Structures are given as C-alpha cells and as structure tokens.
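# Topology and contacts: notes
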Amino acid sequence: MSKSTFIDFRAVKREVTMVQVLEHYGLMSQMKQNGDSITGACPIHEGNGNTAFRVSISKNCWNCFSTCGCGGNVLDFVAKKERVSLPKAARLLVEWFNLKIEAPEGEKDSPRQEKSDSRVRDKKPMKREAEKSAAPEDEKSENKPLGFVLKDLQTEHPYLAERRLFPETVQTFGLGFCQKGMHAGRIVIPIHNPKGELVAYAGRWPGDTDKEKYLFPKGFKKSLELFNLDRAGKEPSDKPLVIVEGFFDCMMLHQHGCRKVIALMGSSLSPAQEGLIRKQTDSNSHVIVMLDEDEAGQNAREEIAGRLAKFCFVKVHLFEEPGTQPEHLSFEEVQDLIGGAS
Ligand SMILES: [Zn+2]
C-alpha cells in the first residue's frame, strides 16, 4: 500500500506572509518598515549591514543584497534559515501556522483557492525572463531523429510478462526483444521527442547479470528528452502530469489508466527537461512528482518539486514502504491518485 502526502507549495506561499515569518522568529522588532518595504540586517547570513535584507510586503518576497545575494518567498526563507529542503520548510510552516492545506489522499485541490492566487502569478513573467537567460547551452542542442526503425522485434518475450506488461501496453510503447545490432539480447524501448519523432532506443538487459542495465546509443542525450511526453502531452490540460523515474514505472502507470505520465529516465531533472515540462504546463497545471522511495528518489524529489513549484502546482507523492516504486502501485491506487477513470 502507498500513502500520498501532498504538499501544496503555492497554498503555503499564499497563506503565510513574510511579516508573519519574521514575527515567528522574533525579528520584526529589529527591522524597519517603510511603506511596502521592510529592511534590516540579514537574518540568514547574520551580517551587520542594516539594509542588506529587504522584504516587499506586497510581493511577499525577500532579498539579501549582501553575502547571500539571493532571495525568494516564505518557503525559501524558512528553507535557508532552517537549512532544510523546500518540502520540509513547507511542512514547518504548516505546523507553525496551523495551516489546513495538506490534502489527504486522493483529495483534489480547491480550484477556488487556486484561482485567487494572483500574487504568485504576477511575479512569473519576471522570473521566466531571468531563468531563460540563465538557460544552459544544453537546452539548445537536440537529439536528431533516428533514420531507421528496428524491425522484427519479439513482442512476447518472457521479461515483458515478468514486468506485468499487457500485450496492448507493449504494442503502445513499441517494445520488443532485439536480436541484432548494439541492442542484441536486450529489450528495446523507443524514445520519442515531444513531436513524436523517434530519437533513440534504450536497451534494457532482461534479467539480473553484471551487464549494464540500460544501454543508450552513443551521442544520445537522455537529459534532453522526457519519456512518453509525446503521448502525455495530448492528454487534457486539467489532468495532473505525473513524473516518475523509470520507463517501467511510466508504462505501468499508463497501463493502469494514468495516461498523463512521463519518465525522467533517472532521478534528476535536467534544465532541458524542466523547460519541456514548463512548455506543457501553465500556472493552473498540476504536477505530481512520484519518484522511487529510495535514497536517490527521496533526495531528488524535494529539489525537483521546488523547481517546478515556480511555475505550476506541485504535489510530492511519498510511499510508506521504503523501496517502493510507482510501478508497484495497484490499479486502484493509481485511479485514486489521478482522481477516477481517465
Ligand atoms: Zn544574507
């Protein structure tokens, strides 16, 4: 069984003001308020400069123009002050201010609350510009479409049955056992770009040996693609986009009726992948980050959720059992997660 613990970052940001946070730390008495702005010594790096730290009340954000050289919202402030991750900061704020915003399992967010969140939206164009100019070179390169298609793939390999994939799923994703070329002896998984063009085959070694688990063609950059984005992108915009790590997590959720699902092909989100998700979403979109319940997944999901929360609603799915992966979810659990049949 799994349990969903959802943290709605934007609800936290909406409910708590910077003034409340400063009061919580007993810092307001050391600050000077002048109209919309509050200035004082930076409580994070604890310097002496009396104007290093600035808060905009209307924008509900802060900046340190000295040592920190950064700023952000209430979550960023608490995360920096407590030296914790953004989800942990969100949980602290929920606790300190007794917020009633953590949705229980399967419960949807209130659309009414989301619509009123203009503060966050107002800040967006500026942030987008800033982030665009900081986009790394990586984002500009691309994987060229493959000039060929692998033929004669065996679609009834025992490994596919072992992974509990139905023949329809195998067909949808175009999987098969390959007997020739670099992927000989492997299950190949076609990877498409957002336009649906085939850009590579991943080769999964069927079984546990000391062979490399996955093989990718030389020159292929998986950091530039999101597995299944071409299909997931065609799903209705009001459905949540589920982000998982692996091919099989993705295919299994799809098989269970969660069609709007993409895989990172690893446990990190590259800037290019973040850009692709940004193109797929707007400020009303919901994203569910559902990584493996292991150390890598636990570490990565907090950072990924924080980055995505800048432009859409993010929920983090946690599994109760250590070691659980999305592909272990039952049909019913997946249905609960996405809120009914799709
Ligand atoms: Zn500072």
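Numbering of residues starts from 1 in every chain and runs along the sequence as written. Per-residue local features are limited, in this predicted model, to residues with pLDDT of at least 70; the limit for side-chain atom pairs, both in listing and counting, is 80 or more; totals at the level of whole chains, interfaces and linings are taken over all residues. As a rule here, side-chain values cover all heavy atoms of the structure and leave hydrogens and water aside.

## So, helix α4 (residues 86-96)
- Only protein chains enter the calculation, and the probe is 1.4 Å; a residue is then buried if its accessible area is under 20% of its type maximum, exposed if over 50%, and partly exposed in between. Only DSSP runs of H or I reaching four residues or more are called helices, and only runs of E reaching two or more are called strands; each is numbered from the N terminus. Inspection of α4 places P87, A89, A90, L92, L93 and V94 among the buried residues, and these make up the whole buried set.
- Contacts are residue-level and defined by heavy atoms, with any inter-residue pair within 4.5 Å sufficient. Those residues of α4 that are buried are in contact with α1 (9-15), α2 (18-24), α3 (74-82) and α12 (295-308).
- Following α4 by one or two positions, N98 has its phi on the positive side, about 50°.

## Examining the pairing of strand β10 (residues 241-244)
- The side-chain alternation of β10 yields two buried faces, one formed by L241 and I243 and the other by V242 and V244.
- Strands pair, by our definition, only if DSSP identifies at least two bridges between them. By the bridge criterion, 3 bridges tie β10 to strand β12 (residues 286-289) in an arrangement that is parallel. What sits directly across from I243, in β12, is V289.
- Regarding the hand of the β-α-β motif, the stretch spanning β10, helix α10 (residues 247-255) and strand β11 (residues 261-263) is right-handed. Call a crossover right-handed when, viewed with both strands pointing away from you, the route from the first strand across the helix to the second goes clockwise.

## Concerning the sheet that holds β12
- Strand order in the open sheet made by the 4 strands is β11-β10-β12-β13, with parallel pairing throughout. Across the chains shown, the open sheet's two edge strands, defined by having one partner strand only, are β11 and β13 (313-316). Neighbour-to-neighbour, the strand axes of the sheet open up by a mean angle of 25°, direction not taken into account.
- As defined by bridge partners, β12 adjoins β13 across 4 bridges and the pair is classed as parallel. Across the sheet, V287 pairs through a bridge with V314, a residue of β13. As a rule, the C-alpha atoms of each element are fitted with a line to give its axis, helices using only the stretch in contact, and angles between N-to-C directions run from 0 to 180 degrees.

## A word on the nonpolar core
- L22, F53, F77, I277 and L308 are the most contacted members of the largest nonpolar core, which totals 52 residues.
- In terms of nonpolar packing, the next biggest core, distinct from the first, is built from 35 residues, F173, F227, C258 and A263 among them. For this analysis, a nonpolar core means a set of buried residues of the types Ala, Val, Leu, Ile, Met, Phe, Trp, Tyr and Cys, connected via side-chain atoms within 4.5 Å.

## Thoughts on the coordination of the zinc ion
- Counted as donors are the N, O and S atoms within 2.8 Å of the metal, or 3.2 Å for Na, K and Ca, while water is not among the atoms, so some sites may look incomplete. Looking at the zinc ion, the protein donor atoms are C42 (SG), H45 (ND1), C64 (SG) and C68 (SG), and they sit 1.9 to 2.3 Å from it.
- All geometry calls rest on donor angles, where a four-donor set with angles between 85 and 135 degrees is tetrahedral, four- and six-donor sets with opposite donors more than 155 degrees apart and all others between 65 and 115 are square planar and octahedral, and all else is irregular. One way to put it: the 4 donor atoms around the zinc ion meet at angles of 101 to 113°, and that makes the site tetrahedral.
- The sequence pattern formed by the donor residues of the zinc ion is C-x2-H-x18-C-x3-C.
- Residue C64 is classed as buried on the basis of its relative accessible area, which comes to 2%.
- Owing to a relative accessible area of 23%, C68 belongs among the partly exposed residues under this scheme.

## Here we look at the packing of aromatic side chains
- In this analysis, rings of Phe, Tyr and Trp, with Trp reduced to its six-membered ring, are considered paired at centre separations within 6.5 Å, and the interplanar angle assigns stacked below 30 degrees, edge-to-face beyond 60, and tilted for intermediate values. A complete count under the given rule lists 13 aromatic pairs for this structure.
- Ring geometry for Y25 and W96: centres 5.7 Å apart, planes at 90°, overall edge-to-face. Note that Y25 is positioned in the loop between α2 and β1 (32-34) and W96 in helix α4, a separation of 71 residues in sequence.
- Judged by its relative accessible area of 26%, W96 falls in the partly exposed class.
- For the pair F216 and F247, a centre-to-centre distance of 6.4 Å together with 35° between the ring planes defines the contact as tilted. Highlighted residues: F216 in the loop between β9 (214-215) and α9 (229-232) and F247 in helix α10, separated in sequence by 31 residues.
- What makes F216 partly exposed here is its relative accessible area of 22%.
- By relative accessible area, F247 is classed as buried at 3%.
- An aromatic cluster of at least three residues, connected via ring pairs, comprises F173, Y214, F216, F220, F227 and F247.
- Throughout this description, the term charge over a ring refers to an Arg CZ or Lys NZ atom that lies within 6 Å of the ring centre and within 35 degrees of the ring normal. Against the face of F313 rests R10, its NZ or CZ located 4.3 Å from the ring centre.
- The side chain of R163 reaches across the aromatic face of F248, ending 4.0 Å from its centre.

## Topic: the sheet that holds strand β4 (residues 61-64)
- An order of β1-β2-β3-β4-β5 is seen for the 5 strands of this open sheet, with the pairing classed as antiparallel. Looking along the sheet, the strands with just one partner apiece sit at the ends: β1 and β5 (71-72).
- Pairing of strand β3 (residues 53-56) with β4 involves 4 bridges; the strand directions are antiparallel. What sits directly across from R54, in β4, is N63.
- Those strands touched by α3 are β3, β4 and β5, and its axis lies near 45° from that of β4.

## Remarks on the confidence of the model for the chain
- Put simply, the chain has an average pLDDT of 85, and 86% of its residues get 70 or more.
- Between the elements of the chain, mean pLDDT differs from a low of 33, seen in helix α5 (residues 111-115), to a high of 98, seen in β11. Known as pLDDT, the predictor's confidence for each residue is given on a scale from 0 to 100.

## Here's the deal with the environment of R163
- Secondary-structure assignment places R163 in the loop between α7 (158-162) and α8 (167-173).
- In this structure R163 comes out as buried when scored by relative accessible area, which is 16%.
- Linking R163 and M252, residues 89 residues apart in sequence, is a C-alpha distance of 8.7 Å.
- In this structure the side chain of R163 is engaged in a polar contact, spanning 2.4 Å, whose partner is the side chain of Y159. Pairs of N or O atoms within 3.5 Å make up the polar contacts considered here, provided that, within protein, one atom can donate a hydrogen while the other can accept it, and that residues adjacent in sequence are counted only when both atoms are side-chain atoms.

## A closer look at the pattern of salt bridges
- In what follows, salt bridge is the name for a side-chain nitrogen of Lys or Arg lying within 4 Å of a carboxyl oxygen of Asp or Glu. Counted under the stated rule, the structure contains 8 salt bridges.
- When the shortest N-O distance is used, the salt bridge between K81 and E46 registers 4.0 Å. Placement of the pair is K81 in helix α3 and E46 in the loop between β2 (37-40) and β3, with a sequence separation of 35 residues.
- Judged by relative accessible area, E46 falls into the exposed class, the value being 59%.
- For E274, the salt bridge is made with R278, and the minimal N-O distance between the two is 3.8 Å.

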